[in-house]
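Structure at a glance
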Amino acid sequence: MSERASFKNTLGVILATAGSAVGLGNVWRFPYMAGENGGASFIIVYALCIIVLGLPCMVSEFIIGRHSASNTARAYNTMGNKMWALVGVTSVATGFLITCYYVIVSGWCLEYLYATIAGELSGDANYYVNYFSSFMQNPWKPVMWAVIFMAITHYVIIRGVRGGIEKASKVLMPALFILLLVIVGASCSLPDAEKGILFLFRPDFSKITGGTLLDAMGQSFYSLSIGMGCICTYASYFSRRTNLGKSAVQISVIDCLVAVLAGLMIFPAAFSIGVEPDSGPSLIFITLPNVFQQAFASVPAIGIVVSLAFYALMSLAALTSLISLHEVSTAFFQEEMKISRKRSARIVSLSTLLIGVFCSLSLTGAEWLTFGGSTLFDLFDFVTGQIFLPVVGFFACIFIGWYVPLETVRAEFTNWGTLKGAFFPLFLFCVRFVCPTAILLIFLNQLGIL
């Protein structure tokens, strides 16, 4: 068997893994949740959750992936047994199912990028509502954009770990940050933009409730791509010299920075024209186009540039995440079926696209793609986000905290004694007690039990 691929250097590790974590959720979900939970106060709680929950879970997946040097399903089997392998298989299945509908949403970003270039995004608030509704009801346009998006992703994947994933990350992540800073600068220069800035950075602790804590824990969990196989798969390409704890901190800082910058991108512009951002696809595809047009009405050319930069940013964020999701399944099929990387990638691209077509068609009102009152698209989102991710994250912590020999965990954490590992006792305490408890609370809250 040929030597397993690996990332070339630390920069590749950080940018590729951060690219996996930074996605559409950072751009619209974080600002919306911050808006509902007191702005700056939510950011403080979120940062604490990243430290207490996100970092230990990420390091746990790092340990599993690097120690086994294999796909996520095999990793659990190698370090545990066939029963634990079910956790790995579930993680791979989660990544696969998310890919099916994530590629559809990613395609929406390309549609709006094209529409901005073509000058089609111009009108009053009702125009944007009708435009989005018309696009969603179209049976072939969303699929067309999804195919294009998957083709780009497929090209990166078949180029390999270094020539594809790492190389692309070194271009995409800096480009993403540049676009983000451009939009933040434009947004913060608007009249009354300081209202949005103050909202984002002046805490209102009276709005912190038990629900705020659970929301922050859930956001930290999902934002870092924990439980969907991405972190574990990428860690299998880490070298023995990679400092797992330091890498987790750097990736978390990048992820938080992007989330906060997204708030600076959205809130100043929204507050400038007296609009409060709402949640879901409507924020990206209905509210924000209207916000950008009104905010820069005096200089329409700037509004077009900002809109163009925004949808380019959304497309890049979606692409970095989709690459990591695709790699989870590609590595699985390649190693378990003992086939070439290109053939494995082809299987993943075609199968996820095929299922994605049905997810897209379910949004057109097709009754045969509705189950229990939910579309196939919403069903995939619910099953993966509210059931599979918390379950996989919970058992990953139990696996590292209680099943894997302590000597193995310590050896990986300290790079076989070459690092001091001063925070190892704290990591072990969190992964044994704090993280499982927190994840269980998130799970019960999402199911409506709490």
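Throughout this document, residue positions are counted from 1 along each chain, in the order its sequence is written. The predicted nature of this model means local features are confined to residues of pLDDT at least 70 and side-chain atom pairs, given and counted, to a pLDDT of 80 or more, with totals for whole chains, interfaces and linings taken over all residues. Note: side-chain values were computed over all heavy atoms of the structure, leaving out hydrogens and water.

**Overview of helix H6 (residues 125–137)**
- Spanning 13 residues, H6 covers 19 Å between terminal C-alpha atoms, matching the ideal 18 Å at 1.5 Å per step.
- Polar contact is defined as a pair of N or O atoms within 3.5 Å, subject to the rule that within protein one atom must be able to donate a hydrogen and the other to accept it, and that residues adjacent in sequence are counted only when both atoms are side-chain atoms. Counting from the N terminus, the helices are DSSP H or I runs at least four residues long and the strands are E runs at least two residues long. In this structure Asp124 caps H6, since a side-chain oxygen of it lies 3.3 Å from the backbone nitrogen of Asn126. Given a helix with a known number of residues, its expected span is that number minus one, times 1.5 Å.

**Considerations on the packing of helix H14 (residues 300–336) against helix H15 (residues 341–362)**
- Where H14 contacts H15, the axes come no closer than 8 Å and their chain directions differ by 125 degrees. Taken as axis vectors, H14 and H15 run oblique relative to one another. Of the two elements, H14 crosses H15, and the hand of that crossing is right-handed. Side by side, H14 and H15 meet where His326, Glu327, Ser329, Thr330, Phe333 and Gln334 of the first sit next to Arg341, Ser344, Ala345, Ile347, Val348 and Ser349 of the second.
- When grouped by side-chain class, the residues that make up the contact of H14 with H15 number four nonpolar, six polar and two charged. The convention used is that axes are lines fitted to C-alpha atoms, helices contributing only their stretch in contact, and that angles between N-to-C directions extend from 0 to 180 degrees. Note on angle classes: values under 35 degrees are labelled roughly parallel, values over 145 roughly antiparallel, values of 65 to 115 roughly perpendicular, and the remainder oblique. Working rule for handedness: look at the near helix, and if it is turned counterclockwise from the far one by less than a right angle, call the crossing left-handed; if clockwise, right-handed. By the convention used here, residues are in contact when the closest approach between their heavy atoms is within 4.5 Å. All residues other than Ala, Val, Leu, Ile, Met, Phe, Trp, Tyr, Cys, Pro, Asp, Glu, Lys and Arg, Gly among them, are scored as polar; the first ten of these are nonpolar and the last four charged.

**Here's the deal with empty space enclosed by the protein**
- The way it works is a 1 Å grid over only the protein atoms, where trapped points that fit a 1.4 Å probe form a cavity and open points with protein on both sides within 12 Å along at least five of seven lines form a pocket, and then any residue with an atom within 4 Å of a point lines it. Grid points are joined across faces, edges and corners, and a volume is the space filled by probe spheres set on the points. For the structure on display, the rule yields one cavity of 30 Å³ or more.
- The calculated volume of the largest cavity comes to roughly 40 Å³.
- Ala16, Gly19, Ser20, Ile165, Ser169, Tyr234, Thr320 and Ile323 are the residues that line the largest cavity.
- Among the secondary structure elements, those contributing two or more residues to the lining of the largest cavity are helix H1 (10–21), helix H8 (161–188) and H14.

**Some remarks on the layout of surface pockets**
- Estimated volume of the largest pocket: approximately 1100 Å³.
- Every residue lining the largest pocket is counted, 44 residues in all, and those nearest its centre are Gly25, Trp28, Arg29, Tyr101 and Asp381.
- Mapped by element, the contributors of at least two residues to the lining of the largest pocket are H1, helix H2 (24–36), helix H5 (82–117), helix H10 (210–223), helix H13 (281–295), H14, helix H16 (376–403) and helix H18 (424–446).
- For the lining of the largest pocket, a count of residues per class yields 21 nonpolar, 18 polar and five charged.

**Focus: unusual backbone geometry**
- Unusually for a residue other than glycine, Asp192 sits at a positive phi of about 65 degrees.
- Relative to the assigned elements, Asp192 resides in the loop between H8 and helix H9 (193–201).
- Overall, the relative accessible area of 35% leaves Asp192 in the partly exposed class.
- One non-glycine residue, Ser225, lies in the positive phi region at around 60 degrees.
- With respect to the element layout, Ser225 can be found in the loop between H10 and helix H11 (230–235). Each residue is placed in one exposure class: buried if its accessible area under a 1.4 Å probe, protein chains only, is under 20% of its type's maximum, exposed if it is over 50%, and partly exposed if it falls in between.

**Remarks on the packing of aromatic side chains**
- The criterion for an aromatic pair is that two Phe, Tyr or Trp rings (for Trp, the six-membered ring) have centres within 6.5 Å, with stacked assigned to planes under 30 degrees apart, edge-to-face to planes over 60 apart and tilted to the rest. Counted according to the given criterion, the structure contains 37 aromatic pairs.
- With a centroid separation of 5.2 Å and 25 degrees between ring planes, the pair formed by Phe413 and Phe427 is classed as stacked. Of this pair, Phe413 sits in helix H17 (residues 406–413) while Phe427 is found in helix H18, placing the two residues 14 residues apart along the sequence.
- The class for Phe413 is buried, based on a relative accessible area of 11%.
- When its relative accessible area of 5% is taken as the criterion, Phe427 is described as buried.

**Brief notes about the pattern of salt bridges**
- Salt bridges are defined as contacts in which a side-chain nitrogen from Lys or Arg sits within 4 Å of a carboxyl oxygen from Asp or Glu. Throughout the structure, instances matching the rule amount to five salt bridges.
- Measuring nitrogen to oxygen at the nearest pair gives 2.4 Å for the salt bridge that ties Arg341 to Glu327. Taken together, the positions of Arg341 in helix H15 and Glu327 in helix H14 put the pair 14 residues apart, joining distant regions of the chain.

**Overview of the side chain of Asp255**
- As for its placement among the helices and strands, Asp255 is situated in helix H12 (residues 244–272).
- Note on Asp255: relative accessible area 0%, which makes it buried.
- A polar contact of 3.3 Å, which involves the side chain of Asp255, links it to the side chain of Tyr46.

**Some words on H5**
- With 36 residues, H5 ought to run about 52 Å at 1.5 Å a step, and its terminal C-alpha atoms sit 52 Å apart, in line with that.
- Bend at a given residue is defined as the angle between two axes, one fitted to the seven residues that end at that position and one fitted to the seven that begin there. Maximum bend of H5: about 30 degrees, positioned at Cys100.
- Capping of H5 at its N-terminal end is provided by Asn81; its side-chain oxygen lies 3.0 Å from the backbone amide nitrogen of Met83.
- Note on H5: the residue one or two positions beyond its end, Gly119, has a positive phi of about 75 degrees.

**Section: the environment of Tyr76**
- Topologically, Tyr76 is positioned in helix H4 (residues 72–79).
- Residues Tyr76 and Ile165, spaced 89 residues apart in sequence, show a C-alpha to C-alpha distance of 24 Å.

**Some points on the side chain of Thr414**
- Locating Thr414 in the fold gives a position in the loop between H17 and H18.
- Judged by relative accessible area, which is 9%, Thr414 ranks as buried.
- A polar atom in the side chain of Thr414 sits 3.1 Å from the backbone nitrogen of Gly417.

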